[in-house]
Structure formats: structure tokens, C-alpha cells
Amino acid sequence: MSPKSIKSVIPSLVSSLLLGDLITLNGLLDQFPKLINIKDPQGRNILMKAAYSGATQPHIISYLIAFYVIANPIIKLDAMDDNGFTAYDWAVLGNNGFAVSLISKLNKRENENF
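Here the structure is a predicted model, which means the values were calculated and not measured. (Residues numbered from 1 in each chain as written. Predicted model: local features only at pLDDT ≥ 70, side-chain atom pairs only at ≥ 80, totals over all residues. Heavy atoms only, no water.)

**A look at the packing of helix H1 (residues 6–19) against helix H3 (residues 46–53)**
Direction vectors running N to C along H1 and H3 enclose 35°, while the axes themselves pass 9 Å from each other. Note that H1 runs across H3; the crossing there is right-handed. Seen from H1, the contacting residues are Leu13, Leu17 and Leu18; seen from H3, they are Ile46, Lys49, Ala50 and Ser53. Residue composition of the contact of H1 with H3, by class: 5 nonpolar, 1 polar and 1 charged. (Axes fitted to C-alpha atoms, helices over the stretch in contact; angles between N-to-C directions. Helix = DSSP H or I, 4+ residues; strand = E, 2+ residues; numbered from the N terminus. Left-handed = near helix turned anticlockwise from the far one by under 90°. Contact = heavy atoms within 4.5 Å. Nonpolar A, V, L, I, M, F, W, Y, C, P; charged D, E, K, R; others polar.)

**Here's the deal with the side chain of asparagine 96**
By secondary structure assignment, the location of asparagine 96 is in the loop between helix H5 (87–93) and helix H6 (97–113). Within the local environment of asparagine 96, its side chain forms a polar contact with the backbone nitrogen of alanine 99, the two atoms lying 3.1 Å apart. (Polar contact = N/O pair within 3.5 Å; in protein donor to acceptor, adjacent residues only side chain to side chain.)

**Details of the pattern of salt bridges**
Side chains carrying opposite charge are able to pair once their charged atoms draw close together. Across all of its chains, the model carries 2 salt bridges by this definition. Note that aspartate 40 is salt-bridged to arginine 44, the shortest N-O span being 2.5 Å. The exposure classification of aspartate 40 matches that of arginine 44, with both residues buried. Here aspartate 40 makes a salt bridge to lysine 49, at a shortest N to O gap of 3.4 Å. Judged by its relative accessible area of 17%, aspartate 40 is buried. Ionic contacts of the salt-bridge type, sharing partners, join the residues Asp40, Arg44 and Lys49 into one network. (Salt bridge = Lys/Arg side-chain N within 4 Å of Asp/Glu carboxyl O. Buried < 20%, exposed > 50% of the residue type's maximum accessible area, 1.4 Å probe, protein only.)

Structure below.
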């Protein structure tokens, strides 16, 4: 059995984000660490997608922020997509109050430490 390619697991990554499947998401990111940097055709990263679509799955945004923004800073909160939107903007557009609150607190903390 040949190993899976990173391209072949992208649908599973998107599905795990949309369905709030943290076990699959974590497993995919452990097996394919480069997935964390993947962007869609509009330049949106995994945090932006989770912020927009994850209003009913706060554990996904919590996991991504705790592990990939705070503990292991790979994702930048101020990263912008091709239209200039950040994860915060996508959280607002997705009516994701939890993500808006969490990202706001982190942005405030970063500005105070600056």
C-alpha cells in the first residue's frame, strides 16, 4: 500500500474542518504538517476557513489558535487572503462570535506586548 499524498488528503482536511472532527484534523496535521500552510484558490488559510465555518465547532478554532498561533506560531492572525480579509474578518462574516472574541483578545494581547 503506497503512502497517501498531501493532495489526496485535502478533501479530508476540509471535511474535518466543516464537520468539527478534531480527531481527524489533528491526525492529518500530524501526518502532513505542511497542511497547516495550505491555502485555497482565494488565499484563505485553515484558520480563516475555521473562523468562517466553525460557529458550531468552537473546539476547532480553539485547537488551531492554541497550537498553531500561540504554542507553535505557524499561523499569523494578521495574515490576509487575496481580498485583504483576516481570520477575524472571516469570523465576523461567518457570525462566529466565539472566534471573534478569541481573536480579538489575542490581537489586543499582541498590541499590548508591542
